[in-house]
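# Residue-level structure breakdown
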Amino acid sequence: MNLETPKKFRGLVNQAHQVAENYFRPISRKYDKAEHAYPKELDLLAALLDGMNAGSPDAIGATSASKRGAAQEQQEGVRNGGNLSALLGVMELCWGDVGLLLAMPRQGLGNAAIAAVANDQQLERFAGTWAAMAITEPGCGSDSAAIRTTAVKDGDHYVLNGEKIFVTSGARADAVVVWATLDKGLGRAAIKSFVVEHGTPGMSVTRLEKKLGIKASDTASISFSDCRVPAANLLGNPQIDVQKGFAGVMETFDNTRPLVAGMAVGVAKASLDRTRELLRKVCTLDYRKPLLAVSHAEATLYRLEAEWEAARLLTLKAAWMADNKLPNSKEASIAKAKAGRVANEVTLKCVELAGALGYGEDELLEKWARDSKILDIFEGTQQIQLLIVARRLLGKSSSELK
Ligand SMILES: Cc1cc2nc3c(=O)[nH]c(=O)nc-3n(C[C@H](O)[C@H](O)[C@H](O)COP(=O)(O)OP(=O)(O)OC[C@H]3O[C@@H](n4cnc5c(N)ncnc54)[C@H](O)[C@@H]3O)c2cc1C
């Protein structure tokens with residue numbers, strides 16, 4: 001594995017950084033203060049991103065995070081593809097602002113879900129659709145197998161009933177990818193995902209959350225009451241494969257967890273960069289000096305930087321494996337667990353290192369500490385990622401190790 005950014009992605013990374021610096025940062029505080037206000041500045045930006053991505057096999061953004069296409073490239077040797085380019089873009093954009101990235105039209109986690117499991121026809125039909133992802137329910141968070149939302153086949157439709165909570169971009173997106181069970185009695189294997197477009201009768205947004213951080217991003221509760229969805233909107237295979245179990249919908253996480261880890265890497269880098277600038281005003285930051293010969297603040301910064309680098313490399317590896325069609329569920333969870341924890345620690349420690357300055361609103365350090373918390377919670381909490389890694393390492397099933 002070559003640890004440098006592939007040459008073909010350097011332009012994309014540079015553009016994403018410019019966007020983060022010149023578009024996101026100037027409006028960061030404004031939308032932190034105006035929770036639930038839609039950042040209208042993002043419309044133009046999303047259109048620009050669509051333009052940049054059009055016709056590019058290695059685009060930035062959620063839709064390019066897919067294992068699709070990796071197979072035929074495999075014969076040509078090691079591939080750096082859509083997962084890596086999406087990840088590198090996400091890291092840069094979250095150096096700008098995590099909440100604004102999450103609020104970007106057509107860059108929802110539902111888009112990554114569609115990219116990961118949709119068939120070719122569905123990919124074409126849902127191209128350009130902004131999709132949120134709805135798994136969590138009032139009685140089901142970490143244990144996604146406990147989903148109670150039902151989907152019952154009725155002619156050429158499925159009828160959905162249930163309630164979803166904490167749906168990122170759930171109110172603003174064009175559609176929501178909803179996880180529902182075809183048969184509660186068959187457990188995990190019967191859980192499928194459905195694209196439900198806003199405006200479909202029976203679907204309604206019932207609540208918007210007020211949150212600690214990522215306030216630029218809306219988080220909605222959505223109810224489904226006899227909501228009829230075309231059968232063609234079921235993503236992937238409609239058959240219930242008890243052997244494969246949960247694998248179908250779970251494949252989504254192999255692509256999305258590295259992206260969330262990338263968000264954590266991005267916001268942690270923002271905190272480290274700013275703290276380094278502030279510390280340089282009062283200490284030399286001479287990296288050649290042994291750790292015992294520098295101040296506590298310098299030593300802390302160096303340790304945080306090392307943790308950050310480890311998180312970054314693990315995250316790159318997970319995405320790179322997806323590009324090369326290597327099974328990466330364990331590595332996706334390792335990356336998410338490490339990067340989520342590191343981002344929480346780094347951003348909060350940076351508030352501490354910057355003292356009163358770090359705690360005030362003149363700096364964005366306190367905001368980044370609040371924004372980073374969610375990255376260790378959604379797409380599977382810290383504890384759940386560690387559980388998944390333990391299961392993989394020990395060869396245990398989810399019923400054997402809970
Ligand atoms: C701002 C925000 C945005 C979100 N966006 C989305 C979204 O777009 N789509 C979506 O579907 N969901 C979303 N979520 C929901 C999120 O994925 C869940 O909150 C998360 O999966 C945890 O579920 P829970 O809150 O029910 O906690 P619980 O599952 O009740 O867990 C509570 C605590 O117990 C721990 N725990 C649970 N089980 C175990 C175990 N077996 N071993 C050890 N510890 C355990 C957890 O780690 C956690 O610390 C969002 C949440 C928030 C706050």
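Residues numbered from 1 in each chain as written. Predicted model: local features only at pLDDT ≥ 70, side-chain atom pairs only at ≥ 80, totals over all residues. Heavy atoms only, no water.

## Things to note about the site of the ligand
Taken together, 21 residues surround the ligand, and among them Thr136, Ser142, Phe166, Thr381 and Gln383 come closest. A distance of 2.7 Å separates a nitrogen atom of the ligand from a polar side-chain atom of Thr136. Contacts to the ligand include Phe166, whose backbone N or O atom sits 2.9 Å from a nitrogen atom. Against a free-state accessible area of 970 Å², the protein chains account for coverage of 65% of the ligand. Looking at which domains feed residues into the shell around the ligand, each of domain 2 (131-233) and domain 3 (247-394) supplies at least three. (Near = heavy atom within 4 Å. Polar contact = N/O pair within 3.5 Å; in protein donor to acceptor, adjacent residues only side chain to side chain. Areas by Shrake-Rupley, 256 points an atom, 1.4 Å probe, with all protein chains shown as cover. Domains from an automatic or database assignment.)

## Quick word on the pattern of salt bridges
Taken as a whole, this structure holds 26 salt bridges when the rule is applied. When the shortest N-O distance is used, the salt bridge between Asp32 and Arg29 registers 3.1 Å. You can see Asp32 and its partner Arg29 sitting in helix H1 (residues 7-33), three residues apart, about one turn around the helix. Given the relative accessible area of 9%, Asp32 is considered buried. Lys269 serves as the salt-bridge partner of Asp273, at 2.9 Å between the closest nitrogen and oxygen. Placement of both Asp273 and Lys269 in helix H8 (residues 247-280) is noted, with a separation of four residues, approximately one turn of the helix. The exposure class of Asp273 is buried, given its relative accessible area of 16%. On the basis of relative accessibility, which here comes to 30%, the residue Lys269 falls in the partly exposed class. Connected through salt bridges with shared partners, the residues Arg29, Asp32, Glu366 and Arg370 form a single ionic network. (Salt bridge = Lys/Arg side-chain N within 4 Å of Asp/Glu carboxyl O. Helix = DSSP H or I, 4+ residues; strand = E, 2+ residues; numbered from the N terminus. Buried < 20%, exposed > 50% of the residue type's maximum accessible area, 1.4 Å probe, protein only.)

## A few points about the side chain of Thr200
One can find Thr200 in the loop between strand S5 (191-197) and strand S6 (203-208). Note on Thr200: relative accessible area 16%, which makes it buried. Among residues more than four places away in sequence, those in contact with Thr200 are Cys227 and Arg228. (Contact = heavy atoms within 4.5 Å.)

## Details of the packing of helix H4 (residues 82-96) against helix H9 (residues 296-323)
Their axes nearest at 7 Å, the elements H4 and H9 cross at an angle of 150°. Comparing the axis directions of H4 and H9 gives the class roughly antiparallel. On H9, the residues touching Gly82, Asn83, Leu84, Leu87, Leu88 and Met91 of H4 are Arg312, Thr315, Leu316, Ala319, Trp320, Ala322 and Asp323. Here the residues of the contact of H4 with H9 are counted per class, giving eight nonpolar, three polar and two charged. (Axes fitted to C-alpha atoms, helices over the stretch in contact; angles between N-to-C directions. Parallel < 35°, antiparallel > 145°, perpendicular 65-115°, else oblique. Nonpolar A, V, L, I, M, F, W, Y, C, P; charged D, E, K, R; others polar.)

## A closer look at the packing of aromatic side chains
This model, assessed by the stated rule, comprises three aromatic pairs. With a centroid separation of 5.1 Å and 65° between ring planes, the pair formed by Tyr158 and Phe194 is classed as edge-to-face. On the criterion of sequence distance, the pair formed by Tyr158 in strand S3 (residues 157-168) and Phe194 in strand S5 is long-range, its members being 36 residues apart. You'll find Tyr158 and Phe194 in the same group, each marked buried. Taking the centre distance of 5.6 Å and the plane angle of 45° together, the rings of Trp179 and Phe253 count as tilted. Of this pair, Trp179 sits in strand S4 (residues 175-181) while Phe253 sits in helix H8; the two residues are 74 residues apart in sequence, bridging distant segments of the chain. In this structure Trp179 comes out as buried when scored by relative accessible area, which is 1%. A cation over a ring is seen here: Arg25 above Trp95, with NZ or CZ 3.8 Å from the ring centre. Taking the ring centre of Phe253 as reference, the NZ or CZ of Arg257 above it sits at 4.0 Å. (Phe/Tyr/Trp six-rings, centres within 6.5 Å; stacked < 30°, edge-to-face > 60°. Lys NZ or Arg CZ within 6 Å of the ring centre and 35° of its normal.)

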